[in-house]
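For reference, the chains in residue letters:
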Amino acid sequence: MATVTDLQTKYSKLAQEYSKLRAQNQVLKKAVVDEQANSVSLKEQLKQRDQSLRKQEQEMDSLSFRNQQLAKRVELLQEELATSEAKGKKGKSKGDSPSQHGLQTQNVFDEDLQKKIEENERLHIQFYEADEQHRRQEAELRTRLQELEKDSDQHQAVVDGLTTKYMENIERLQSDKARLEVKAQTLEREAKECRMRTEECQQQLRRCQSELNKQVKQSSSVIQEKVPFNDTKFSDYNSLNVPPHNRRHQIKSRDVAGQALSFIQDLVAALLNFHSYTEQRVHIYPLDSSIEPISPLNQKFSQYLHENAAYVRPLEDSFLQLHESITEDTVTVLETVVKLKSFADNFSSYTHFLQKILPYQLKSLEEESDAALSTAALTAKNQELQSDMKRITSVFEKLKNYINLLALPSVQQDAMPQSSTSAVFTQLAACLHSLHDAIKEMSKHYNQKAGLEQELPTITQKLCTTSECLLGSLGSLTSSTGKIATFFSNNLDFFTSSGYSTRTSTLALNPLQAESMLANKKKAAAYIQAIKKPRPQSVAYKEALTNRRILTSSTESREGLTQQPSSHKLTVHSSPLPSGLLQVMQSQEKIARLEQEKEHWLLEAQLGKVRLEKENQRIADLEVQLAAALGGSPNSLTAAASTLAQSHEEAEMEQKAAGKEATLCTSLVGMLCTTSTVEHVGDEESREQLIKTHYMVRVGELTTQLQISDSKAVHFHSECRALAKRLAIAEKSRETLSEEVKVANQNITRLQDELTTTKRSYEDQLSMMSDHLCSMNETLSKQREEIDTLKLGSKGNAKKNKGR
């Protein structure tokens, strides 16, 4: 199961990493596609600008050519002007009107030429500036394009690497998944087989229990009918070896339980205060829930701490029930204290609660250490508190194990010997002292931490009050644990001593003996109350039998003497006989008839004795099986059967002693009593031979049946042991599976927290990427606007030049 759990954990981690890398891959793919689109658009823009540059170069060439033409024309015009001036000087004499007209024309040409020159200079300047700006923008765009191409190559390499890594992870996960599916199928088949075997074993166990219950009922009825006495002179002959009731032990037990109850109540109150103030502190520090929401981890921790009363209160209630069950009229040993099991179960549930909140406590202290105002000293104290909490949780786990061991004898008999019980009590005392030391150390560290927190500039009054309350609860918890440890150490001798023990055995007291002890106590109390009243003097059992036999014989003699003849009349003599002689003859006839009946019933007694021995043997076997089933000792039951056989033999000897004329013959079969008449002497040997043959056959049949019954009993015993072992294994597997389920739930909670953190980081990354893309789009739009303005300006200049 551990291998399957590791594989599932690895699979979940790989799936989580795969999901993370897949999300990153999508983001990178989108960024690469956007950068590729940007690079394509920039290349197109570059081509367009190259074309516009070539056009502008052509226009510049044409303008330079036009400028040269204009310069030549200006030179020609200057030459013509010089010639015209020369001609004008020569022809001044001819008239003034034509010269004036030529001067005006010359002025117009000069002005036009000056404007053209100025415009040409201005166009040269604008063209040079535009050319320089265009070259700078082209260089910037080329460098930007190179950077984007490098980024695109890098992103593509990263995408390729991640794709190969993802493919390898997918293949490995698919192989692991196939292997796990095969393993899960095999485990399901094994689980089905185990369930079928468990059902069969349960059916067999129910059948065995029903048969054993029947045998117990039969044995109980036989014991009640045929074993009515307990020998007080010889304790080995008793049916139950029951110890006497110890009233001092009960008074001491109730006193100790009362003291322990007060300490448990103090401990429960201290634990409730500690968990409640811890919950308040989580809502206040490092983030105040009234101002801003606390982290999801602390919210979950606060929710668990809010449920502490459901785990702490049952400790006090169950121990109160345990204290109420201990009275002077009960028997208080580990085997009879049934309420200790409920207290152990409640303590186990509280220990599981501590294990559940331990990771949240550690994470909460880590968040306090990671806070903005946390110092190095506070971080060190938080680390010490983390180690203290781990130590306290481990100590509570040890206490749970020891308390479960002490509660085990009340559920399962002979589960733990007396020496092991003493060792468990000793270890429990040491564990209580270690718990006191751990809580004392944690209280000291909390006190130091509170002192450091008060030195912070942003400390609030609410946090100071909560810290003081928390320190007060830790102080009460330290004092209560110290009182419990001291109390347990002082009473360790009482816990390890055996308050009840039998006169012939030092074994532990079982519930059956406890019930018998209480019944005997009630009988003794009733007898003490009744003995105060006047009672007739008791008579011994043998004396009572002798008196009864004498009384019976005297009564029969009196009835025989007073009886009158009704139908017997003697016809030998002609006159009737006297009444005394007639009574003597009738008595002789009656004696002869009674002798014959005596011989018949003696033979029947021999047969009954054989049957009685057989019945006693069967009763002894049933009592042995009953003792094996109930965990008792078979010696007492066998002693009772032997006592019964001895009483029967005494009764038969008394009956044989009553026959005055009988003779006793012994053989291998038994004893045969006959009279001394001649006619029965020859029949003794034949009768004995027939009885011997019959009983030898019967003994063989009974031996066969006994062997079959023994083999069946051995088989049922082995099956019951195997079922018990399987049941124990199933319980252990159930506990391990429940622990695995708890661990899985904790992992799910942790993974959900990590998923929330990952989603938040991805959202932040996406928001940053979107902001970056928006800024890039803005810069590109600005560059496009500048390019459009330059194009419009160049087109306008070209049109003006063409218009000129």
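In this convention, every chain numbers its residues from 1, walking through the sequence in written order. Local features are withheld for residues below a pLDDT of 70 in this predicted model, meaning they are given only at 70 or higher, and side-chain atom pairs are given and counted only at 80 or more; totals for whole chains, interfaces and linings count all residues. Side-chain measures here rest on the full set of heavy atoms in the structure, leaving out hydrogens and waters.

Peer 1: When you look at the overall build of the chain in this model, what are you seeing that I'm missing?
Peer 2: The number of helices and strands found in the chain is 15 helices and two strands. In the chain, buried positions account for 28% of the 804 residues. In this analysis, two residues are considered to be in contact whenever any of their non-hydrogen atoms come within 4.5 Å of each other. Look at the contacts in the chain between residues 6 or more apart in sequence, and 84% of them connect residues 24 or more apart. Exposure was quantified through the Shrake-Rupley algorithm and a 1.4 Å probe, taking into account, for residues, occlusion by the shown protein chains and nothing else. Only carbon and sulfur atoms are counted for the fraction: they give 55% of the accessible area of the chain, which is about 53000 Å². In DSSP terms, a helix is any run of H or I states spanning at least four residues, a strand is any run of E spanning at least two, and both are numbered starting from the N terminus. Note on classification: 1.4 Å probe, protein chains only; a residue is buried when its accessible area is under 20% of the maximum for its type, exposed when over 50%, partly exposed between these limits.

Peer 1: Would you mind going over the packing of aromatic side chains with me for this structure?
Peer 2: Each aromatic ring pair is summarised here by two numbers: the centre-to-centre distance and the angle between the ring planes. Any pair of Phe, Tyr and Trp rings, taking the six-membered ring for Trp, is counted once the centres come within 6.5 Å. Such a pair is stacked with planes under 30 degrees apart, edge-to-face with planes over 60 apart, and tilted for the rest. In the structure shown here, the tally under the stated rule is nine aromatic pairs. Taking the centre distance of 5.3 Å and the plane angle of 70 degrees together, the rings of Tyr 304 and Tyr 360 count as edge-to-face. Residue Tyr 304 is found in helix α4 (residues 296–306), and its partner Tyr 360 is found in helix α6 (residues 339–369); the two are separated by 56 residues along the sequence. Per residue, the accessibility class of Tyr 304 equals that of Tyr 360, and both read buried. Measuring from centroid to centroid gives 5.7 Å for Tyr 350 and Phe 396, while their planes differ by 75 degrees, and the two rings are edge-to-face. Of this pair, Tyr 350 sits in helix α6 while Phe 396 sits in helix α7 (residues 376–407), and the two are 46 residues apart along the sequence. Residue classification places Tyr 350 among the buried residues on the basis of a relative accessible area of 1%. Residue Phe 396 is classed as buried on the basis of its relative accessible area, which comes to 6%. Counting every residue linked through ring pairs, the aromatic cluster contains Tyr 311, Phe 319, Phe 343, Phe 347, Tyr 350, Phe 353 and Phe 396. Counting as a charge over the ring demands two things of the Lys NZ or Arg CZ atom: a distance within 6 Å of the ring centre and an angle within 35 degrees of the ring normal. Here the basic side chain of Lys 252 rests over the ring of Phe 494, its NZ or CZ set 5.9 Å away from the ring centre. One cation-aromatic arrangement involves Lys 356 over Tyr 304; the distance from NZ or CZ to the ring centre is 4.6 Å.

Peer 1: For this particular structure, what's the right way to read the nonpolar core?
Peer 2: Looking at soluble globular proteins, one finds that nonpolar side chains tend to be buried together. Ranked by internal contacts, the top residues of the largest apolar core, which has 64 residues, are Leu 340, Tyr 350, Met 442 and Phe 488. Of all elements in the fold, only α3 (247–284), α4, α5 (309–325), α6, α7, α8 (418–454), α9 (461–490) and α10 (492–496) reach the threshold of two or more residues within this core. The nonpolar core is taken to be a set of buried Ala, Val, Leu, Ile, Met, Phe, Trp, Tyr and Cys residues, with the residues joined through side-chain atoms within 4.5 Å.

Peer 1: It is not clear to me how the packing of α3 against α5 should be interpreted in this structure. Could you clarify?
Peer 2: Lines fitted to C-alpha atoms define the axes, with helix axes restricted to the stretch in contact, and inter-axis angles between N-to-C directions lie between 0 and 180 degrees. At a minimum axis distance of 9 Å, the contact between α3 and α5 shows a crossing angle of 170 degrees. Here α5 runs roughly antiparallel to α3, going by the angle between their axes. Counting all contacts with α3, which are made through Arg 254, Ala 257, Gly 258, Ala 260, Leu 261, Ile 264, Gln 265, Val 268, Leu 271, Leu 272 and His 275, the residues of α5 involved are Ala 309, Val 312, Arg 313, Leu 315, Glu 316, Phe 319, Leu 320, His 323 and Glu 324. Residue classes follow a fixed rule: Ala, Val, Leu, Ile, Met, Phe, Trp, Tyr, Cys and Pro count as nonpolar, while Asp, Glu, Lys and Arg count as charged, and any other residue, Gly among them, counts as polar. When the residues that make up the contact of α3 with α5 are grouped by side-chain class, the tally is 12 nonpolar, four polar and four charged. Just so you know how the angles are binned, under 35 degrees is roughly parallel, over 145 roughly antiparallel, 65 to 115 roughly perpendicular, and the rest oblique.

Peer 1: Would you explain α6 in this entry?
Peer 2: At 3.6 residues per turn, the α-helix brings residues three or four places apart onto the same side. What a helix is expected to span follows from its residue count: subtract one and scale by 1.5 Å. The end-to-end C-alpha distance of α6 is 45 Å, a good match for the 45 Å that 31 residues give at a rise of 1.5 Å each. Maximal helix bending in α6 amounts to about 35 degrees, located at Ile 357; proline Pro 359 follows within four positions. Fitting one axis to the seven residues ending at a residue and another to the seven starting there, the bend at that residue is the angle between the two axes.

Peer 1: How should I be thinking about empty space enclosed by the protein in this particular structure?
Peer 2: It is a probe the size of a water molecule, rolled over the atoms, that shows where empty space is left. Cavities and pockets were defined on a 1 Å grid built over protein atoms only: a cavity is a set of grid points that admits a 1.4 Å probe from which the probe cannot escape, a pocket is an open set flanked by protein on both sides within 12 Å along at least five of seven lines, and lining residues are those with an atom within 4 Å of any such point. Grid points are joined across faces, edges and corners, and a volume is the space filled by probe spheres set on the points. Overall, the coordinates contain seven cavities of 30 Å³ or more when judged by the stated rule. As for the largest cavity, its lining consists of 13 residues, of which Phe 274, Leu 354, Gln 361, Ile 392 and Met 442 are closest to the centre. When contributions to the lining of the largest cavity are tallied by element, the ones reaching two or more residues are α3, α6, α7 and α8. Per-element accounting of the lining of the largest cavity gives the leading share, four residues, to α7. Residue classes in the lining of the largest cavity are distributed as 10 nonpolar, three polar and no charged. Its volume calculated, the second largest cavity comes out at about 100 Å³. Considering the residues around the second largest cavity, the lining is formed by Phe 274, Thr 278, Arg 281, Val 282, Phe 301, Gln 361, Ser 364, Leu 365, Glu 368, Met 389, Tyr 446 and Lys 449.

Peer 1: Looking at this structure, how should I read the side chain of Ser 467?
Peer 2: The residue Ser 467 is located in helix α9 in this model. Once residues lying within four places of it in the same chain are set aside, the contact partners of Ser 467 are Arg 281, Ala 450 and Glu 453.

Peer 1: Is there a simple way to explain the packing of α3 against α4 in this structure?
Peer 2: Viewed as axis vectors pointing N to C, α3 and α4 meet at an angle of 160 degrees, and their least axial separation amounts to 9 Å. One element, α3, and the other, α4, form an angle in the roughly antiparallel class. Handedness of the α3/α4 crossing: left-handed. Listed contacts from α4 to His 275, Thr 278, Glu 279, Val 282 and His 283 of α3 are Asn 298, Phe 301, Ser 302, Leu 305 and His 306. A per-class count over the contact of α3 with α4 returns three nonpolar, six polar and one charged. Crossings are classed by handedness, with left-handed meaning an anticlockwise turn of the near helix from the far one by less than a right angle and right-handed meaning a clockwise turn.

Peer 1: Quick question: what am I supposed to make of the environment of Glu 324 here?
Peer 2: Relative to the elements of secondary structure, Glu 324 occurs in helix α5. On a C-alpha basis, the gap between Glu 324 and Arg 254 in space is 8.6 Å, while along the polypeptide they are 70 residues apart.

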